[in-house]
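Listed here are the chains, written in short residue letters.
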Amino acid sequence: SQKIEQNSEALNIQEGKTATLTCNYTNYSPAYLQWYRQDPGRGPVFLLLIRENEKEKRKERLKVTFDTTLKQSLFHITASQPADSATYLCALDLETGGFKTIFGAGTRLFVKA
Amino acid sequence: NAGVTQTPKFRVLKTGQSMTLLCAQDMNHEYMYWYRQDPGMGLRLIHYSVGEGTTAKGEVPDGYNVSRLKKQNFLLGLESAAPSQTSVYFCASDLTGLAHNEQFFGPGTRLTVL
């Protein structure tokens, strides 16, 4: 069956460290992969998109990698801050027909001061 | 520029009651979506629309109906609410529906069905 897996356990890290979140998928061949941030009681907000032919994408303190062989994306936040505490969702974009975007359940990140 | 707005923010229904959730966007986006989000699960697509006057079923459409009479509005209806429809509902929109477009989400509606 098709699955997207994100770590269901919360990730707790110390301020200033690098947070690394994982998104694994099976039986999909996404053309793109997106990462969203969701704060409690709010809707998701788009952060980054990476294409299947890109290995890495950066935006300020954020870095995303995409390994289509391992079927995995890693999302890094360097020099993390308490304000980075949120839930991070990965989403696969499929270019074939049917449902366009498939979302993972998200990983909750807590950054301690 | 308000982006995507949803009303109401919270609602409690009794089993069998009906209601309509309203989504509005002011970005002139063609595509609009209704998702539900349940604990431990990813956002699941209920229905979507590729333009004014058109709607299509998503992954979990049963028990819901939608309408898009105006480009900027997308309504989600629950005909006869069931406890299984207790969830947080998000509306989203994007410009063209192409796979690499980011989606803009509303703040959500928390619905409880007793």
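Each remark here, short or long, concerns the structure printed above.
So, here's what we can say about the structure. Just so it is clear, the structure is predicted and the values come from calculations on it, not from any experiment. (Residues numbered from 1 in each chain as written. Chains lettered and ligands numbered in written order. Predicted model: local features only at pLDDT ≥ 70, side-chain atom pairs only at ≥ 80, totals over all residues. Heavy atoms only, no water.)

1. Examining the overall build of chain B
For step 1, the next point in the chain: Helix and strand counts for chain B stand at zero helices and eleven strands.
For step 2, the next point in the chain: The linear arrangement of helices and strands in chain B, starting from the amino end, is β-β-β-β-β-β-β-β-β-β-β.
For step 3, the next point in the chain: Its C-alpha radius of gyration of 13 Å places chain B within 12% of the 13 Å reference for a compact globule of 114 residues.
For step 4, the next point in the chain: Each of the three principal axes of chain B carries a C-alpha extent, and together these read 35 × 30 × 25 Å. (Helix = DSSP H or I, 4+ residues; strand = E, 2+ residues; numbered from the N terminus. Rg over C-alpha atoms; globule rule 2.2 N^0.38 Å.)

2. Re the side chain of B:Arg36
Residues and elements named next belong to chain B.
For step 1, the next point in the chain: Following the sequence through the fold, arginine 36 ends up in strand E4 (residues 31-37).
For step 2, the next point in the chain: For arginine 36, a relative accessible area of 8% corresponds to the buried category.
For step 3, the next point in the chain: A distance of 2.9 Å separates a polar atom in the side chain of arginine 36 from a polar atom in the side chain of aspartate 38.
For step 4, the next point in the chain: A polar atom in the side chain of arginine 36 sits 2.9 Å from the side chain of tyrosine 64.
For step 5, the next point in the chain: Excluding its chain neighbours within four sequence positions, the residues that come into contact with arginine 36 are Gly42, Leu43, Arg44, Ile46, Val60, Tyr64, Ser84, Gln85, Thr86, Ser87, Val88 and Tyr89. (Buried < 20%, exposed > 50% of the residue type's maximum accessible area, 1.4 Å probe, protein only. Polar contact = N/O pair within 3.5 Å; in protein donor to acceptor, adjacent residues only side chain to side chain. Contact = heavy atoms within 4.5 Å.)

3. Some thoughts on the pattern of salt bridges
Residue and element names in this part refer to chain A.
For step 1, the next point in the chain: Inspection of the entire model under this criterion finds nine salt bridges over all chains.
For step 2, the next point in the chain: A salt bridge links lysine 3 to glutamate 5; its shortest N-O distance comes to 3.2 Å.
For step 3, the next point in the chain: For lysine 3, a relative accessible area of 40% corresponds to the partly exposed category.
For step 4, the next point in the chain: Residue lysine 63 pairs with glutamate 56 through a salt bridge whose shortest N-O separation is 4.0 Å.
For step 5, the next point in the chain: Within this structure, Glu56, Arg58 and Lys63 form a network of salt bridges that share partners. (Salt bridge = Lys/Arg side-chain N within 4 Å of Asp/Glu carboxyl O.)

4. Looking at the environment of B:Gly77
All names here are of chain B.
For step 1, the next point in the chain: Secondary-structure assignment places glycine 77 in strand E8 (residues 73-78).
For step 2, the next point in the chain: Taking the C-alpha atoms as reference points, glycine 77 and leucine 22, 55 residues apart in sequence, are found 8.8 Å from one another.
For step 3, the next point in the chain: Contacts of glycine 77, omitting those with residues within four sequence positions, involve Met19, Thr20, Gly63, Tyr64 and Asn65.

5. Describing the sheet that holds E8(B)
Residue and element names in this part refer to chain B.
For step 1, the next point in the chain: Strand order in the open sheet made by the four strands is E1-E3-E8-E7, with antiparallel pairing throughout. Two strands close off the open sheet at either side, each with one partner strand: strand E1 (4-7) and strand E7 (64-67). Shown here is a sheet whose adjacent strand axes are inclined to one another by a mean of 20°, direction ignored.
For step 2, the next point in the chain: Direction of pairing for E7 relative to E8: antiparallel, over a ladder of four bridges. Among the inter-strand pairings, valine 66 is bridged to a residue of E8, identified as leucine 76. (Pairing = 2+ DSSP bridges. Axes fitted to C-alpha atoms, helices over the stretch in contact; angles between N-to-C directions.)

6. Some points on the state of the cysteines
For step 1, the next point in the chain: The full count for this structure, using the stated rule, is two disulfides over all chains.
For step 2, the next point in the chain: Here A:Cys23 is linked by a disulfide to A:Cys90, with a sulfur-sulfur distance of 2.0 Å. Between A:Cys23 and A:Cys90 the disulfide shows an S-S torsion of about 55°. By sign, it is right-handed. Here A:Cys90 lies in strand E9 (residues 86-93) and A:Cys23 lies in strand E3 (residues 19-26), a separation of 67 residues in the sequence. A single burial state applies to A:Cys23 and to A:Cys90, both of which are buried.
For step 3, the next point in the chain: Linked covalently through their sulfurs, B:Cys23 and B:Cys91 form a disulfide whose S-S length is 1.9 Å. Sign of the S-S torsion, about -75° for the bond between B:Cys23 and B:Cys91, identifies this disulfide as left-handed. A residue pair is termed long-range when its members are at least 10 positions apart, and B:Cys23 in strand E3 (residues 19-25) and B:Cys91 in strand E9 (residues 87-94) qualify at 68 residues. The pair B:Cys23 / B:Cys91 is uniform in exposure class, with both members buried. (Disulfide = S-S within 2.5 Å.)

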